[in-house]
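Take a look at the letters that make up each chain.
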Amino acid sequence: MEDMKEFEKELMVEDSENILNTYKRFPVVLKEGKGATLKDYKGKEYIDFSSGIGTNSFGACDKEWVDAVVHQANTLQHSSNLYYTAPQVMVAKMLCQKTNMKKVFFGNSGAEANECAIKAARKYSYDKYGLGRSEIITLKNSFHGRTIATLSATGQDIFHQWFFPFVGDFKYCPASDIDALKGLISKKTCAIMIETVQGEGGVVALDPEFIKYIDLVCKENDILFIVDEVQTGNGRCGYLYSYMEYGVTPNIVTTAKGLAGGLPFAAILFDEKTENVLSYGQHGTTFGGNPVCASAALSVLKRIDDKLLNHVRECRKIIEDRLKDVEEVLSISGKGLMVGLELKDGLKAVDIASKCMEEGLIPLTAKTKIRLLPPLNITFEELNKGLDILIHVLKEA
């Protein structure tokens, strides 16, 4: 035990000496896990309410996922996109069938997916209307990635510093404010881009009427409707993709994070209006559609069915039922297993998260809120064990 404590301390020191210090890490050194239960090198167990920020859809080391990854790694680990590979085609076909979209482009991350969507929206408008119709409206408090273009699309001032000049022609609308949106739309508008639940912005769900209005105004004005499903997608909010709850039809959907269950993989889905916007030589990637990652995604997608989505909704109900009378929690936001907890005055989310980790629970934070993103298939036993720890920490705070 003492040897492992020293090993963990040494690892943290070597991390600070050798890895760029862009993360404020918690003092937890993870070694292994199974499902929603993780362990450090000392053997201490943690219930995982983070899923690698919504990435490990089926938790740690899910057998079917591992088998798919290992099999493909032993078959062909990578191939250039100059050639065909079966896993890539199978994932694209499954995504099109499940969403009724027409074409898919594969990338590696949510930022890369959103970058592709921005390029496609501007090219669609350029091809049809020429120069001068390139403005994209996003929402205040949104988050779309860390490239220069996706930082520019992100509607938070805190991200708009240091890296000047940012990409122009982005406007920011207050979330769920239809009147404000009406005032921003002009003949220069080519697209409106939203998250249905603003994850990094505090796990804030948009008003359904606002989402439906965007769908309508985009159709009436030949403006592209882009939905960023990087965090909300792949079953996280109780639907395959969160926009499906509202009966709207986006022109472009971006997704990543949980799509491949823990490997870097992203998809950009295009409808019949946008499927031919990007053609030969106009976009590309080295690793997008990698066969190992595609095989992982296939093992995830084929299991996001009604049974799993019902389980996600049942878990949401358990969370709400157990926390509704906890006086330290003022409100519960988000959808499905994308949960935000507003804390009473005087409680800091980062302090609560730190204490939870000491007690054996790994949550996340989003601005002033505690954020919970458990694996989609978390057992009721693991869920309740984690909630026991959370409630205990809140009551002791």
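Scroll up to find the structure.
Here is a short report on the structure shown in this document.

Cut-offs applied
- Residues numbered from 1 in each chain as written.
- Predicted model: local features only at pLDDT ≥ 70, side-chain atom pairs only at ≥ 80, totals over all residues.
- Heavy atoms only, no water.
- Helix = DSSP H or I, 4+ residues; strand = E, 2+ residues; numbered from the N terminus.
- Rg over C-alpha atoms; globule rule 2.2 N^0.38 Å.
- Buried < 20%, exposed > 50% of the residue type's maximum accessible area, 1.4 Å probe, protein only.
- Contact = heavy atoms within 4.5 Å.
- Areas by Shrake-Rupley, 256 points an atom, 1.4 Å probe, with all protein chains shown as cover.
- Pairing = 2+ DSSP bridges.
- Axes fitted to C-alpha atoms, helices over the stretch in contact; angles between N-to-C directions.
- Core = buried A, V, L, I, M, F, W, Y, C linked by side-chain atoms within 4.5 Å.
- 1 Å grid on protein atoms, 1.4 Å probe; cavity = no way out; pocket = protein on both sides within 12 Å on 5 of 7 lines; lining within 4 Å.
- Points joined across faces, edges and corners; volume = space filled by probe spheres on them.
- Nonpolar A, V, L, I, M, F, W, Y, C, P; charged D, E, K, R; others polar.
- Lys, Arg positive; Asp, Glu negative; His and termini not counted.
- Salt bridge = Lys/Arg side-chain N within 4 Å of Asp/Glu carboxyl O.
- Polar contact = N/O pair within 3.5 Å; in protein donor to acceptor, adjacent residues only side chain to side chain.
- Phe/Tyr/Trp six-rings, centres within 6.5 Å; stacked < 30°, edge-to-face > 60°.
- Lys NZ or Arg CZ within 6 Å of the ring centre and 35° of its normal.

Glancing now at the overall build of the protein chain. Within the protein chain one finds 12 helices and 17 strands. A compact globule built from 397 residues would reach a C-alpha radius of gyration of about 21 Å, and the protein chain, at 21 Å, matches this within 12%. Dimensions of the protein chain along its principal axes, counting C-alpha atoms only, are 65 × 55 × 45 Å. A total of 397 residues make up the protein chain; the buried ones form 51% of that total. For the protein chain, the share of sequence-separated contacts (at least 6 apart) that also reach a separation of at least 24 residues comes to 71%. A total of about 18800 Å² of accessible surface is found on the protein chain, and carbon and sulfur atoms cover 53% of it.

In this section: the sheet that holds strand 14 (residues 338–343). Taken in spatial order, the 4 strands make up an open sheet running 13-14-17-16, and their pairing is antiparallel. The open sheet has two free edges, formed respectively by strand 13 (329–335) and strand 16 (364–366), since each of these has just one partner strand. Each adjacent strand pair in this sheet contributes to an overall mean axis angle of 30°, direction not counted. Where strand 14 meets strand 17 (residues 369–372), 3 bridges bridge the pair, whose relative direction is antiparallel. Bridge pairing in strand 17 places Leu341 opposite Ile370. This element, helix 10 (residues 306–323), spans strand 13 and strand 14 of the sheet and lies at about 170° to strand 13.

Turning our eyes to something else, we now look at the nonpolar core. Among the nonpolar cores identified, the biggest contains 82 residues, and Val91, Ile192, Ile194, Phe265, Leu301 and Leu390 are the most heavily contacted of them. The biggest single contributor to this core is helix 9 (residues 291–301), with 8 residues. In this structure, Ala113, Ala117, Val230 and Ala266 belong to the second largest nonpolar core, which totals 23 residues.

Most of strand 5 (residues 135–139) is tucked away, with 5 of its 5 residues classed as buried. Of the two faces of strand 5, the one lined by Glu135, Ile137 and Leu139 and the one lined by Ile136 and Thr138 are each fully buried. Summarising the sheet, strand 5 and strand 7 (residues 189–194) pair through 3 bridges and their orientation is parallel. The residue bridging Ile136 from the neighbouring strand is Ala191, located in strand 7. Direction of pairing for strand 5 relative to strand 6 (residues 170–173): parallel, over a ladder of 4 bridges.

Gaps left between atoms show up when a probe the size of a water molecule is rolled over them. Taken as a whole, the second largest pocket holds about 950 Å³ of empty space. As for the second largest pocket, its lining consists of 29 residues, and the residues nearest its centre are Asn81, Gln88, Val104, Phe105 and Phe106. Of all the secondary-structure elements, those providing two or more residues to the lining of the second largest pocket are helix 4 (86–99) and strand 4 (103–107). The class makeup of the residues in the lining of the second largest pocket is 13 nonpolar, 13 polar and 3 charged.

Below, the discussion takes up empty space enclosed by the protein. A full pass over the atoms with the stated rule returns 1 cavity of 30 Å³ or more. Its boundaries defined by the atoms lining it, the largest cavity holds a volume of some 50 Å³. Taken together, 13 residues form the lining of the largest cavity, with Ser79, Asn81, Thr85, Gln88 and Gly289 sitting closest to its centre. Of the residues contributing to the lining of the largest cavity, the split by class is 3 nonpolar, 10 polar and no charged.

Looking at where Asp271 falls in the secondary structure, it is placed in the loop between strand 12 (266–270) and helix 9. Buried charge without a partner: Asp271 forms no salt bridge, and the closest opposite charge is Lys273, 6.4 Å away. At 2.8 Å, the side chain of Asp271 and the side chain of Asn251 are in polar contact. Leave out the neighbours within four places in its chain, and Asp271 touches Met101, Lys102, Pro250 and Asn251.

Within the element layout of this structure, Val28 appears in the loop between helix 1 (2–18) and strand 1 (30–34). Spatially, the C-alpha atoms of Val28 and Val91 are 35 Å apart, while their sequence positions differ by 63 residues.

Looking now at the packing of aromatic side chains. Enumeration over the complete set of coordinates arrives at 5 aromatic pairs. Residues Trp162 and Phe163 carry aromatic rings whose centres are separated by 6.0 Å and whose planes lie at 75° to one another, so their mutual orientation is edge-to-face. Among the residues examined, Trp162 registers a relative accessible area of 65% and is labelled exposed. Positioned over the ring face of Phe170 is Arg122, at 4.9 Å from the centre of the ring.

Here the focus is the sheet that holds strand 2 (residues 37–40). Here 4 strands make up an open sheet; going across it, the order is 1-2-3-15 and the pairing mixed. Each edge of the sheet is formed by a strand with only one pairing partner; in this case those strands are strand 1 and strand 15 (361–362).

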